[in-house]
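Summary of the model geometry
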Amino acid sequence: MADLSTNFLGIKSPNPFWLASAPPTDKEYNVVRAFKAGWGGVVWKTLGEDPHVVNVNGPRYGAIYGADRRLLGLNNIELITDRPLEVNLREIKAVKRAWPDRAMIVSLMVPCEEAAWKRILPLVEDTGADGIELNFGCPHGMSERGMGSAVGQVPEYIEMVARWCKANTRMPVIVKLTPNITDIRYPARAAKAGGADAVSLINTISSITSVNLDTMSPEPSIDGKGSHGGYCGPAVKPIALNMVAEIARDPETAGLPISGIGGVTTWRDAAEFLALGCGTVQVCTAAMTYGFKVVEEMKSGLSQWMDEKGHGSIDEIVGRAVPNVTDWQYLNLNYVTKARIDQDSCIKCGRCYAACEDTSHQAISMSEERVFEVIDEECVACNLCVNVCPVENCITMEELEPGTMDTRTGKVVEPDYANWTTHPNNPGACAAE
Amino acid sequence: MTNSPFTPGIVPGRLQPEAYEANFADLHEPLDGHEALVAADRCYFCHDAPCITACPTEIDIPLFIRQIATGTPEAAARTIFHQNILGGMCARVCPTETLCEEACVREIAEGKPVLIGQLQRYATDTLMAAGVHPFTRAAPTGKSVAVVGAGPAGLACAHRLAMHGHEVTIYDARPKGGGLNEYGIAAYKTVENFAEAELDWLMKIGGITLETGKALGVDMTLDSLKAEFDAVFLGMGLAGVNALRADGEDKAGVMDAVGFISDLRQAGDLSALPVGRNVVVIGGGMTAIDAAVQSKLLGAETVTILYRRGRDAMPASRYEQDLAASKGVRIVFNAMPVAVLGNGAVTGVRAEYTRAEGKSLMGTGETFDLPADQVLKAIGQTLGGTPDGLTLSDGKIAVTDAGRTGVSGVWAGGDCASGGEDLTVTAVAEGRDAAEDIHKALVG
């Protein structure tokens, strides 16, 4: 059995699955239920200064669905905790005492003044919490008050606040980053420069999930008006994975511990975040959709996969895929593949044909008997047929061996790696010396 | 009420009154909105979809299902009605298991097709319940067309002609329009007088006059219609019934299954409808199944279908066979009746097992007797009278493309015409296509 335990910044947890700072971690009651269900840790929902904030009294979430009303994306206009600071601190202390083997991180958001941070840090330290996470991410509501993503969008502020926190507490400091920026590497570098021990990402993405076509109000609608919310759930995972990878492979931040967040729904999602350099993952939407029990599948799945691959511990996985994330210009242009359709598993829906014929390269033929076949002379290996096929592994991409003819280009596949930087069509190409 | 399933003879009221309502309730409960969305989500929106090809009326099924999935069942209904104005009835009676749903790629992938028939009903019911007729007529052409028969073929033809601006008069021999939709389909497939409601809804297009109680050859001739109208469409179905050709066919208690079903469909009170204690149905088509199942539902103690060939050759689908079995009907394959037993009234049927020799069937010599107080013949229908001048092909009016008969100005479609399976949906397609051809001929 693989060992799922983690040691992140010295914070130990029995597994890498933490609940993200969010509605599920707002109260002792919920967090105890989560720990009973087997979660490795929680990031307690963001604390602020008293007087505590208030939330809207109408709907707080909007949603995007896939087939069978499967929740693919959730958007949220809930603010940080709307309970008194003292109540939260008392509960955090009680839970940490009762569950010493679980990670207890406390998310914080107070104004950009050192005094404010100096006031709250000792109070959190007193709970026995294992660390803090600076909420520089929430894009809605609090950002209008100069907090949340308003801080996360200015690298200088990130560095400044991180430095204040490091100076005023012995607890590890995790900076939670907003994805609502142009280049995630800048805020990550700022966090590191400020002395932060780790970054966590992504926070939610500014979003409007839908418009009510009867009332012409964005959803969720509060008395006929809507405000952008923070988007999360399976739909944001690709954005999060990329941002995590950007930080993991940036020479300036390489090695900086990362807690990965964004659409982690299954063990597989979690394994992918770990492979791209995350030491732990944080989950919210999956728990909000299915309840805390989903962690059982995450743990058993990750464990089974690690056993199958011979990975004994989480540390052996973390970052394994990072060396394979590169720039487009370094991709091997001599790697040639062609789509292949397995006729035995084909159910003859014709979606590959429609996609290729209408929107790609007319590289799939269709017979009277609805037999679909790839025309190698036209196939550029775009992968769209694979993506739209409803049957897994019915269409695959097969590599052409070096020495074989690519009938599309009329060229023999070269055995050697060659990329854009040396390609004759590249005006800036430098000939290999 | 003293009768029970065990009362000998052909008697009414074998069941408790409330049992009739339960037995003849909708075969499939209509999908509610949630169920429709779940079912619609399974459609893959196939390219040049096999289900469309499998539908005789070529309804754009992926499109209408996508319209349901996106919350516009009314638009879905328009997509359906554009191809098949009797899409509501077809959703109820089509053997989808041998048509669209058999071709569905999810039948191939998982053995569970998208519920196309039930989704079609959801869409068409939604629009019809709103009382909306989705089509309007083109400007009047000044042309008039006679349609003989107000069944699926005649109605589809008349509706399409009316849409194109022609004036249509439909003649039907029976007291009500609808044809087999009204008189010939199992009651549990078309509850709450759906056939009549659909007919009324269809007529909202305008420009169609329905004259009932008028039979071709009795109240008018083909020549008189040709003289009075610019074109004639014949869709009068099959009025005759094949003979059993077994000894004793004239005994009391032997009747045609179509007549039995028709009586049942028109009965105001099912408990007043007599049915035998032991019923034997002869035949292997949908009529045999419908008659057998309904006999059982009326309270017969035993119902047996005798079919002379094997299961695979049975025209009624496996789904229909299983439906019958689930209601307690026994199907005996590879057996044919050789004599109806009894002294005046039927007491039994003597049957002989068969074996196939090439294309013909031979008796094996082994016989067995089934007790019976009622024998229902469902061994096929015939054209009956044929107007002069029409050529026949295999006992039906010979037609070429789009229903043209050998007589100029006369088209035919539905069960009375050659070609196609004798299904409601096929009749609709033939009536519709004939109407388009008539329209082309009339406006040049």
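Procedures and definitions
Residues numbered from 1 in each chain as written. Chains lettered and ligands numbered in written order. Predicted model: local features only at pLDDT ≥ 70, side-chain atom pairs only at ≥ 80, totals over all residues. Heavy atoms only, no water. Buried < 20%, exposed > 50% of the residue type's maximum accessible area, 1.4 Å probe, protein only. Helix = DSSP H or I, 4+ residues; strand = E, 2+ residues; numbered from the N terminus. Contact = heavy atoms within 4.5 Å. Domains from an automatic or database assignment. Buried area = accessible area lost by both parts, 1.4 Å probe. Salt bridge = Lys/Arg side-chain N within 4 Å of Asp/Glu carboxyl O. Polar contact = N/O pair within 3.5 Å; in protein donor to acceptor, adjacent residues only side chain to side chain. Axes fitted to C-alpha atoms, helices over the stretch in contact; angles between N-to-C directions. Parallel < 35°, antiparallel > 145°, perpendicular 65-115°, else oblique. Left-handed = near helix turned anticlockwise from the far one by under 90°. Nonpolar A, V, L, I, M, F, W, Y, C, P; charged D, E, K, R; others polar. Pairing = 2+ DSSP bridges. 1 Å grid on protein atoms, 1.4 Å probe; cavity = no way out; pocket = protein on both sides within 12 Å on 5 of 7 lines; lining within 4 Å. Points joined across faces, edges and corners; volume = space filled by probe spheres on them. UniProt positions renumbered as here; feature names shortened; annotations may be inferred. Core = buried A, V, L, I, M, F, W, Y, C linked by side-chain atoms within 4.5 Å. Patch = residues over 30% accessible without salt bridge, like charges linked within 9 Å, V, L, I, M, F, W, Y side chains within 5 Å. Areas by Shrake-Rupley, 256 points an atom, 1.4 Å probe, with all protein chains shown as cover. Disulfide = S-S within 2.5 Å.

1. Comments concerning helix H8 (residues 267–275) of chain A
One turn of an α-helix holds 3.6 residues; hence residues three or four places apart share an orientation. All names here are of chain A. Within H8, seven of the nine residues are buried, leaving the element largely enclosed by the surrounding structure. The complete set of buried residues in H8 reads Trp267, Asp269, Ala270, Ala271, Phe273, Leu274 and Ala275. Lining the buried residues of H8 we find strand E3 (17–19), helix H7 (237–249), strand E15 (258–261), strand E16 (278–283) and helix H10 (294–309). Just beyond H8, the residue with positive phi is Gly277, at close to 115°.

2. A word on the domain arrangement of chain B
Residue and element names in this part refer to chain B. Looking at the assigned domains, one finds that chain B contains domain 1 (33–129), domain 2 (144–239 + 383–443) and domain 3 (241–380). Each partner contributes to the interface: domain 2 provides 15 residues, whereas domain 3 provides 14 residues. Carbon and sulfur atoms supply 43% of the area buried between domain 2 and domain 3, which totals about 1,000 Å² over both sides. Where domain 2 packs against domain 3, one counts two salt bridges. Two residues, Asp290 and Lys189, come together in a salt bridge whose shortest N-O distance is 3.4 Å. Our count for the contact surface shared by domain 2 and domain 3 stands at ten residue pairs in polar contact (both at pLDDT 80 or more). With four residues, the single largest contributor to the side of domain 2 that touches domain 3 is helix H11 (residues 180–183).

3. Describing the packing of helix H1 (residues 28–37) of chain A against helix H2 (residues 85–98) of chain A
Residues and elements named next belong to chain A. One can describe the packing of H1 onto H2 by two numbers: an axis separation of 10 Å at closest approach and a directional angle of 20°. Here H1 is positioned roughly parallel relative to H2, judged by the angle of their axes. Judged by the twist between their axes, the crossing of H1 over H2 is right-handed. Where H1 abuts H2, its residues Glu28, Val31, Val32 and Phe35 lie against Glu91, Ala94 and Val95. Here the contact of H1 with H2 is composed, by residue class, of five nonpolar, no polar and two charged.

4. Some remarks on the pairing of strand E12 (residues 335–343) of chain B
Residues and elements named next belong to chain B. Examined bridge by bridge, E12 and strand E13 (residues 345–357) share eight bridges and lie antiparallel to one another. Across the sheet, residue Pro337 finds its bridge partner in E13, namely Ala351. In textbook terms, the turn of a hairpin is the stretch between consecutive antiparallel strands, and for E12 and E13 this stretch comprises one residue, one of which, Gly344, has a positive phi near 90°.

5. Details of the interface of chain B and chain A
Counting residues at the interface gives twelve residues for chain B, matched by 14 residues for chain A. Three residues, Asp41, Tyr44 and His47 of chain B, lead the burial of chain B against chain A; their summed loss comes to 56% of the area buried on that side. Linking chain B to chain A there are zero salt bridges. Among the elements that make up the side of chain B that touches chain A, the one with the highest residue count is helix H8 (residues 105–110) of chain B (three residues). Each residue belonging to the side of chain B that touches chain A can be placed in one class, and the counts come to nine nonpolar, one polar and two charged.

6. Overview of empty space enclosed by the protein
Residue and element names in this part refer to chain A. Throughout the structure, instances matching the rule amount to eight cavities of 30 Å³ or more. Lining of the largest cavity is provided by 34 residues; of these, Ser21, Ala22, Lys176, Thr204 and Cys284 occupy positions nearest its centre. Going through the elements one at a time, strand E4 (41–47), strand E6 (71–76), strand E14 (229–232), E16 and helix H9 (285–290) are the ones with two or more residues in the lining of the largest cavity. The greatest single-element share of the lining of the largest cavity, amounting to three residues, is contributed by H9. Taken together, the residues of the lining of the largest cavity sort by class into 18 nonpolar, 13 polar and three charged.

7. Remarks on the UniProt feature "domain: FAD/NAD(P)-binding" (unreviewed entry) in chain B
The UniProt entry lists residues 144–431 of chain B under the feature "domain: FAD/NAD(P)-binding" (unreviewed entry), expressed in the numbering used here. Each end of residues 144–431 of chain B is marked by a C-alpha atom, and these two atoms are 16 Å apart; helix forms 25% of the span and strand 30%.

8. Points about the nonpolar core
Residues Trp39, Trp117, Val175, Leu201 and Leu302 of chain A are the most contacted members of the largest nonpolar core, which totals 82 residues. The element that contributes the greatest number of residues to this core is H7 of chain A, accounting for seven residues. Aside from chain neighbours lying at most four places away, what touches Leu302 of chain A is Leu4, Pro16, Phe17, Trp267, Ala271, Leu274 and Ile314 of chain A. Core analysis: the next-biggest nonpolar cluster, separate from the first, contains 71 residues, Ala39, Tyr44, Ile52 and Phe64 of chain B among them.

9. Notes on the sheet that holds strand E2 (residues 144–148) of chain B
Residues and elements named next belong to chain B. Pairing in this open sheet of five strands is parallel, and the strands run E4-E3-E2-E5-E19 from one edge to the other. The open sheet has two edge strands with one neighbour each: strand E4 (208–212) and strand E19 (410–412). Neighbouring strand axes in the sheet, compared pairwise and without regard to direction, differ in orientation by 20° on average. When E2 meets strand E3 (residues 167–172), the two strands line up parallel, connected through five bridges.

10. Points about the domain arrangement of chain A
You can read the domains of chain A as domain 1 (6–324) and domain 2 (346–422). Computed over C-alpha atoms only, the centres of domain 1 of chain A and domain 2 of chain A are separated by 40 Å.

11. Section: a nonpolar patch on the surface
Residues and elements named next belong to chain A. Together, Ile208, Val211, Leu213 and Met216 line one region of the surface with nonpolar side chains, adding up to about 440 Å² of accessible area. When you line up the elements, Ile208 lands in the loop between strand E11 (205–207) and strand E12 (210–212). According to the relative accessible area criterion, Ile208 is exposed, its value standing at 53%.

12. Let's talk about the UniProt feature "domain: Dihydroprymidine dehydrogenase" (unreviewed entry) in chain B
With numbering aligned to this structure, UniProt lists the feature "domain: Dihydroprymidine dehydrogenase" (unreviewed entry) at residues 22–130 of chain B. In the segment residues 22–130 of chain B, helix accounts for 61% and strand for 0%; the C-alpha atoms at its two ends are 27 Å apart.

13. Structural notes on the state of the cysteines
Two cysteines form a disulfide when their sulfur atoms are joined by a covalent bond. Evaluation of the coordinates by the stated rule reveals zero disulfides over all chains. The structure places no disulfide on Cys389 of chain A, whose sulfur is separated from the nearest cysteine sulfur, that of Cys394 of chain A, by 4.2 Å.

14. Some thoughts on the sheet that holds E14 of chain A
All names here are of chain A. The sheet built from four strands is open, its strands ordered E5-E6-E14-E11 with antiparallel pairing. Looking at which strands have only one partner, the edges of the open sheet turn out to be strand E5 (61–65) and E11. The sheet shows a mean angle of 35° between the axes of neighbouring strands, direction not considered. Pairing analysis gives three bridges linking E6 to E14, with the strands arranged antiparallel. Directly across from Asn75, in E14, lies its bridge partner Tyr231.

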